[in-house]
Amino acid sequence: MGVPPARPADRALARPRRRLPAAVGALAALLAVGAGVLVDLATPAPRPADAPREQFSAERAYQNVKVIAARPHVAGSVSNDQVREHVVGVLRGLGLETEVQDTVAPEAGQLSGAAGGATLARVRNVVARLPGTDSAGRVFLVAHYDSVQSGPGGNDDAAGTASILEVARALTAGPRPRNDVVFVLTDAEEACLCGASGFAASHPLARDGGVVLNLEARGSTGPVIMFETSRNNAKLVDVFGRAAPHPVGTSFAVEIYRALPNDTDFTAFLGHDFVGLNSAYIDGGAVYHTPLDVPAAMDRGSLQMHGDNALGLAREFGRTDLTKLGSSHDATYFPVPGGLVRYPGWLTLPLALAALVTVGLLGWLLVRRGRATAGRLTAGVGLALVPIVVAPLGAWLLWTAITAVRPGYAELLDPYRPVWYRLAVVALAAAVLFTWYALTRRRVGPAALAFGGLAWLALFGVLLVADMPGGAYLTSLPALAGALAGLAALATRLDGPWPVVAVALAGAVAVVVLLPTVVLLFPALGMAMGGVAALFAVLLGLAALPVVDLLHPQAGGQRGLAALRARRLGTLPTAAAGLAAVVLAGVGLAVDRFDAAHPVPTHLMYALDADTGKAQWLSREDDPQPWTDGYVSGTVDVSNKFPGLGDGELRAGPAPRANLPAPKVEVLSDTETANGNRRIRVRVVPQRPVRLLSLHLNGDALGSAGLLAATVAGQPVDLDGVRASGFIFHAPPSEGVEFDLTFDASGNELRLRAMDASDGLAGIPGFRPRPPDVGIVGSHSSEMLAVAQTYPL
């Protein structure tokens, strides 16, 4: 049974007599609020080199960036030694107690599956201490000074390292803090987080824990976001809100990051007695881990923001009684122009329920006042789900079409110039919302549709409390504000100014709460997941639906040509948004072309099996670029012959054999223990300069091989939960790495597969240099050169 045509009374929450001025005023107010939000997310102007000594200067820090990121400096390399010497020299030049922690450490976090084995590294962390005057704990400023093998790490993490050096200079230029401040520049973060793991687990200064401020970068520009905290973070967040000059961070980001399989050095500290905050700038992700991550690519405003926040927090935690930072709950928090809103996490459920109840009260009053019927409210709720589903799907289809035209985007975290595509997704979400509203408004009624949108926002708030409480504010607060605005509108004259004011204020709340999330989700997740940003853009539109209604002619009351003219006018927002989406996507394709400065990313490795003398080109590209196609054709599973490269199939093709020696396995001892087990000590010695070596057993999981205990380079390995078939060791010394392995009685027939890997394919027979517009993908295995051999025992 169809819904009857809307009556004049069944129209809207606001029906001003002068509709056009009201629409312009409300829209202008929301645009002004949105502009304020965007300005607040912008990076500050970088301070010059002659800024006051007690302040952070991006220009002074940038001079260290240029030294640190002069060339790739992977852990264990000569270039990394040079970077470490520079860092040590700067810290000692400030008069700080500085040492190099040289140790073997295991991995931290969730990286072992990707690495193909239980992972360790020889690490050399730089540790400096600024003693406090009356220390009640320690504050640790942490960044990693190593880079990936495929790029110099101008942003990741020369930005963090240089920021800490400049913060150390500023702190030593002023009064000493109450608490000790420890500067930790870690090694081998890119490989396995092993530097941070080794410091947190075994360094004397880490024994009693403390507050960690970790500085990272996963791009080249954008605001610095405090995206991760330790558990029960309420007091930490309060310090962040009042001490960081640019407090950009959301509890929703913390919830998202906790759910993702991603790690930084911060992960290693959380596994011990530490609390703290993790911050990074993440926009400009196309250069991440690539040769393009050079100092010149850095936005010095982002560097300034990193340093301002780190210095402000170091000073505040430096004078705080760190023993009183304990809390029993997480905080909910989000940025607003001029500061950071924060409230106890236990308020999320009451606020979500209050929003749900208030929306329900609004629905009851809409029916009681004759603005809607129960049937129309039900229809409004059901129909409001349409844009919530269609907009993300449309964004995914749009990006699928764009990547079909430009397949090289598949290997990029984000396009080189993503702004046009992001705007296209927002315009598409607006087009979906406006189309849906134009098609349903006359039949269901503006008030019922507004109620439907608020109902979904309130419901999402309750669901988020159950699963991601730190993100519940995103929908609970707009729903509560919208429902209160609706109640205020119902309490005043429908055709007066106050309903417009009320709905505009509610829309402003939605803009303040949701717009930062839309903006930050694009670089955080990349265009491939632009549908998530489209979802929140639609939720913002639903929260501001009464303002959207003002852009349409008054509902009801028209007949004949007047009604037709009103419907045509109502299609203008839809047509404008749809046209904008198409134009913006087209501009993105026209502007963001691959060229020498923005090359298409490609992935290639070389692997030589010394047992057979056969070599292969390998690639992780799912749909190889034309340049890569010249090397690979079919697929191959390398998990047996090259287990150190991980599991799964890779693209492969035959390659000429290079004159490369395999690592040697020297048996140091092979004895029977007192209880009948077999203990083997071997040393794996690389025969060329390499950045990693691996030792795998029989191609089986460690437990299946009967392995009972293992010590690698003097470091006991915890075998619990290790499913991989061997060990990976990063930054091995030239004299090799000793493995002490104990097997049960079944370990009589053993085959050890030794592999080592270096970087750079230029000297390999058959390798052709890339054309200028073909680049290297950001990957820990790009340009890897692996050699493996089997040794039966």
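Since the structure is predicted, the reported quantities are computational estimates derived from the model, not experimental observations. (Residues numbered from 1 in each chain as written. Predicted model: local features only at pLDDT ≥ 70, side-chain atom pairs only at ≥ 80, totals over all residues. Heavy atoms only, no water.)

A.B. asks: Whenever I open this one, the state of the cysteines confuses me. Can you help?
C.D. replies: Two cysteines whose sulfur atoms are joined by a covalent bond form what is called a disulfide. Going through the model one piece at a time under the given rule, you end up with 1 disulfide. Covalent S-S linkage joins cysteine 192 and cysteine 194, the inter-sulfur distance amounting to 2.0 Å. Taking the sign of the torsion about the S-S bond as the criterion, the disulfide between cysteine 192 and cysteine 194, at about -130°, is left-handed. With respect to class, cysteine 192 is no different from cysteine 194; both count as buried. (Disulfide = S-S within 2.5 Å. Buried < 20%, exposed > 50% of the residue type's maximum accessible area, 1.4 Å probe, protein only.)

A.B. asks: How do you make sense of the pairing of strand E20 (residues 726-730) when you look at a structure like this?
C.D. replies: The side chains of a regular strand alternate, residue by residue, between the two faces of the sheet. In terms of residue burial, E20 counts as a mostly covered element, since 5 of its 5 residues are buried. In this sheet, E20 lies alongside strand E2 (residues 118-130) in parallel orientation, the contact comprising 4 bridges. Across the sheet, the residue bridging to alanine 118 is phenylalanine 727, located in E20. As paired elements, strand E17 (residues 692-697) and E20 share 5 bridges and run antiparallel to each other. (Helix = DSSP H or I, 4+ residues; strand = E, 2+ residues; numbered from the N terminus. Pairing = 2+ DSSP bridges.)

A.B. asks: Help me understand the pattern of salt bridges, please; the structure alone is not making it clear to me.
C.D. replies: A side chain of one charge can pair with a side chain of the opposite charge if their charged atoms are brought near each other. Under the counting rule described, the total for this entry stands at 31 salt bridges. Measuring nitrogen to oxygen at the nearest pair gives 3.1 Å for the salt bridge that ties arginine 342 to aspartate 238. Placement of the pair is arginine 342 in strand E9 (residues 339-344) and aspartate 238 in helix H8 (residues 234-243), with a sequence separation of 104 residues. On the basis of relative accessibility, which here comes to 32%, the residue aspartate 238 falls in the partly exposed class. Between aspartate 414 and arginine 422 there is a salt bridge; the shortest N-O distance is 2.6 Å. Among the residues examined, aspartate 414 registers a relative accessible area of 3% and is labelled buried. Counted as one network, the salt bridges with shared partners bring together Asp238, Arg242, Glu316, Arg319 and Arg342. (Salt bridge = Lys/Arg side-chain N within 4 Å of Asp/Glu carboxyl O.)

A.B. asks: Where do I start with the pairing of strand E4 (residues 180-186) in this structure?
C.D. replies: The element E4 is largely enclosed, with a buried count of 7 among its 7 residues. In E4, alternate side chains face the same way, and those of Asp180, Val182, Val184 and Thr186 on one face and Val181, Phe183 and Leu185 on the other are all buried. In this sheet, E4 lies alongside E2 in antiparallel orientation, the contact comprising 5 bridges. By the bridge assignment, leucine 130 is partnered in E4 with valine 181. Bridge count between strand E3 (residues 138-144) and E4: 7 bridges; the pairing is parallel. Counterpart to histidine 144 in the pairing with E4 is threonine 186. Where the polypeptide runs from E3 across helix H5 (residues 158-172) and back to E4, its parallel neighbour, the crossover connection is right-handed. (Right-handed = clockwise from strand over helix to strand, strands pointing away.)

A.B. asks: I'm lost on the nonpolar core in this one. Help?
C.D. replies: When a protein is soluble and globular, its nonpolar side chains tend to lie buried together. Grouped together as the largest cluster of nonpolar side chains are 167 residues, with contacts concentrated most on Leu91, Leu141, Phe183, Leu313, Phe317 and Leu366. For this core, the element with the most residues is helix H17 (residues 498-525), which contributes 14 residues. Residues contacting leucine 366, with those up to four places away along its chain left out, are Leu13, Arg371, Ala372, Leu377, Ala447, Phe451 and Leu490. With 25 residues, the next largest nonpolar core counts Val665, Leu697, Leu752 and Tyr791 among its residues. (Core = buried A, V, L, I, M, F, W, Y, C linked by side-chain atoms within 4.5 Å. Contact = heavy atoms within 4.5 Å.)

A.B. asks: Help me understand the confidence of the model for the protein in this model?
C.D. replies: Regions with low pLDDT should not have their predicted coordinates read in detail. Looking at the protein, the pLDDT average stands at 92 and 94% of residues meet or exceed 70. Confidence drops under a pLDDT of 50 for residues 1-10, and excluding neighbours within four residues, the segment shows 19 contacts in the predicted structure. Here residues 110-115 scores under 50 on pLDDT; set against residues more than four positions off or in separate chains, the count is 14 contacts. (pLDDT = per-residue confidence, 0-100.)

A.B. asks: Help me understand a nonpolar patch on the surface, please; the structure alone is not making it clear to me.
C.D. replies: A surface patch of nonpolar side chains, amounting to about 400 Å² of accessible area, comprises Leu349, Leu353, Leu356, Leu459 and Leu463. Of all the secondary structure elements, the ones that give two or more residues to the nonpolar patch are helix H12 (348-368) and helix H15 (446-467). Here the nonpolar patch gets 3 residues from one element, more than from any other, and that element is H12. With respect to the helices and strands, leucine 349 occurs in helix H12. Look at leucine 349 and you get partly exposed, because its relative accessible area is 41%. (Patch = residues over 30% accessible without salt bridge, like charges linked within 9 Å, V, L, I, M, F, W, Y side chains within 5 Å. Areas by Shrake-Rupley, 256 points an atom, 1.4 Å probe, with all protein chains shown as cover.)

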